[in-house]
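Below are the chains, spelled out letter by letter.
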Amino acid sequence: MNVADQITQTALKFPYKRAVVATSGKDAFGNYRYVHYTFIELEKKINQFANALKDSGMNKGDKTLLFIRPCLDFSALAFALFKIGAVPVFIDPGMGRKKFLEAVKNCSPRVLIGIPKALVLKRIFSKYFSSVKFVFNYGKRGFLGAPSIVSLSNEQSFEAASESMAPNELGAVLFTSGGTGRPKGVVYTHEIFIAQTRSLQEEFNLNENDVDAPGFPLFALFTLSMGMTSCIPDMDPSNPAKADPKALIQIIKDQSVTFAAGSPAIWQNLALYCFENKMTLPTLKYLVMFGAPVSLELHKLFKKVLPNGDTFTPYGATESLPVSNAKGSVILERFAEKTLEGAGVYIGRPLKEVDVKIIQSTERP
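What you see is a predicted model; the values in this text were computed from it and never measured. (Residues numbered from 1 in each chain as written. Predicted model: local features only at pLDDT ≥ 70, side-chain atom pairs only at ≥ 80, totals over all residues. Heavy atoms only, no water.)

> What should I look at first to understand the overall build of the chain in this one?
Of regular secondary structure, the chain possesses twelve helices and 15 strands. Relative to the globule expectation of 21 Å for 365 residues, the C-alpha radius of gyration of the chain, 21 Å, shows essentially globular dimensions. Over its C-alpha atoms, taken along the principal directions, the chain stretches across nearly 60 × 60 × 40 Å. Among the 365 residues that make up the chain, the fraction classed as buried is 49%. Contacts spanning at least 24 positions in sequence make up 64% of the contacts within the chain whose residues lie at least 6 apart. Looking at the chain as shown, the accessible area adds up to about 18000 Å², and 52% of this sits on carbon and sulfur atoms. Here the chain carries 42 positive and 33 negative side-chain charges, and the mean point of each set is 6 Å from the other. (Helix = DSSP H or I, 4+ residues; strand = E, 2+ residues; numbered from the N terminus. Rg over C-alpha atoms; globule rule 2.2 N^0.38 Å. Buried < 20%, exposed > 50% of the residue type's maximum accessible area, 1.4 Å probe, protein only. Contact = heavy atoms within 4.5 Å. Areas by Shrake-Rupley, 256 points an atom, 1.4 Å probe, with all protein chains shown as cover. Lys, Arg positive; Asp, Glu negative; His and termini not counted. Charge placed at Lys NZ, Arg CZ, Asp CG, Glu CD.)

Structure below.
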């Protein structure tokens, strides 16, 4: 099994369907211009990156720090690493420089693929990157002696075979945000990733006709694996509270987005803006919020903003996602009063394939 095979299968079924959509500036009227990869174009780009990385000396199992901004190639590079059996490492830059550097040191990546800013960071704080043996610049040209992964890939074949991965083999490392302490590197196998994709698809009844706007960039890896179109919001994911609600509204309306996910900090400003300007988002069916507490007020605001949709708050730690899922309308109708009385927060029902055991609170391991 290999996560990248899910893209290959979708490319065979829907080759000319849009896979990844990104903004590319604005026209004279202030409207976004868009660029995109179809699924067959995404598959070809994945294969070109995979061939370039293998030709450069990368091996199965190489931990690879992927440090580029959300763009058309973000998912292509992530799936290329999956395809060759390398292990992408995802660290949230929003956790702050000190925690970020400690996370890099702790996971000991062998490869760095990054924007010029990341390469400068490596040079200044070299002791934290001592394990890195291969460095690639994400740009049209090389930088600080690192070759351009874009240029290297352009001359490569559009065909590449996926590395066969055992179910329990390391597939990726995702670092927690560190909001409750030291950031932890969480192990993901290819089996876990595929199971999570299936579980999310069943829970929200998603299919290839749905369109995603991932406020949390890694969510695009799940939705693309489902055959959905993923539209990258024009925002800085490391600073979600500063996301421009007008920009989000334009993308949701332009691209008929049906599914959006991310921190409630992103959607708080969006809900307020829509409410104050008497706007609704009729295409948006599922608004999934996680990573921080979601207030009852936010659920109430979106009840007015989403005439054909609802809010959802999945529950679980990075190590085990999702355990359960709560629907905003159910929270407001049945559990809001209990929460206000101090009974706690309703975290929903366990997902279909999840078994839950509740134990007594204890200080013991």
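> I would appreciate a short explanation of the pairing of strand 2 (residues 32-38) in the present structure.
Side chains on a regular strand alternate between the two faces of the sheet. As judged from the six bridges shared by strand 1 (residues 18-26) and strand 2, these two strands associate in the antiparallel manner. Bridging across to strand 2, Arg 18 finds its partner in Thr 38. In this antiparallel pair of consecutive strands, strand 1 and strand 2, the connection spans five residues, and Gly 30 shows a positive phi of 85°. (Pairing = 2+ DSSP bridges.)

> Would you mind going over empty space enclosed by the protein with me for this structure?
Where empty space is left can be seen by rolling a probe of water-molecule size over the atoms. Applying the stated rule across the entire model yields two cavities of 30 Å³ or more. Empty space within the largest cavity amounts to approximately 110 Å³. What lines the largest cavity is a set of 14 residues, among which Pro 70, Pro 214, Pro 217, Ile 232 and Pro 233 lie closest to the centre. For the lining of the largest cavity, the per-class residue count stands at eleven nonpolar, three polar and no charged. A volume near 40 Å³ is recorded for the second largest cavity. (1 Å grid on protein atoms, 1.4 Å probe; cavity = no way out; pocket = protein on both sides within 12 Å on 5 of 7 lines; lining within 4 Å. Points joined across faces, edges and corners; volume = space filled by probe spheres on them. Nonpolar A, V, L, I, M, F, W, Y, C, P; charged D, E, K, R; others polar.)

> Please clarify how the sheet that holds strand 14 (residues 320-327) should be interpreted in this entry.
Hydrogen bonds along the backbone pair up the strands of a sheet, which may run parallel or antiparallel. Spatially, the nine strands line up as an open sheet ordered 2-1-10-9-11-12-13-14-15, and their pairing is mixed. Of all the strands in the sheet, just strand 2 and strand 15 (349-350) have a single pairing partner and so form its edges. Its contacts with the sheet put helix 7 (residues 190-204) on strand 11 (259-262), strand 12 (286-289), strand 13 (310-317) and strand 14, and the angle it makes with strand 14 is roughly 5°. Contacts from helix 10 (residues 264-276) reach strand 9 (211-214), strand 11 and strand 12 within the one sheet, and its direction differs from that of strand 11 by about 125°. (Axes fitted to C-alpha atoms, helices over the stretch in contact; angles between N-to-C directions.)

> I would appreciate a short explanation of the packing of helix 1 (residues 5-13) against helix 2 (residues 39-55) in the present structure.
When two helices pack together, you describe them by how their axes are tilted relative to each other and by the distance separating the axes. Two numbers describe how helix 1 lies on helix 2: the axes approach to 8 Å, and their chain directions differ by 140°. Helix 2 is crossed by helix 1, and the crossing has left-handed handedness. Residues Ile 7, Thr 8, Thr 10 and Ala 11 of helix 1 pack against Phe 39, Ile 40, Leu 42, Glu 43 and Ile 46 of helix 2. The class makeup of the residues in the contact of helix 1 with helix 2 is six nonpolar, two polar and one charged. (Left-handed = near helix turned anticlockwise from the far one by under 90°.)

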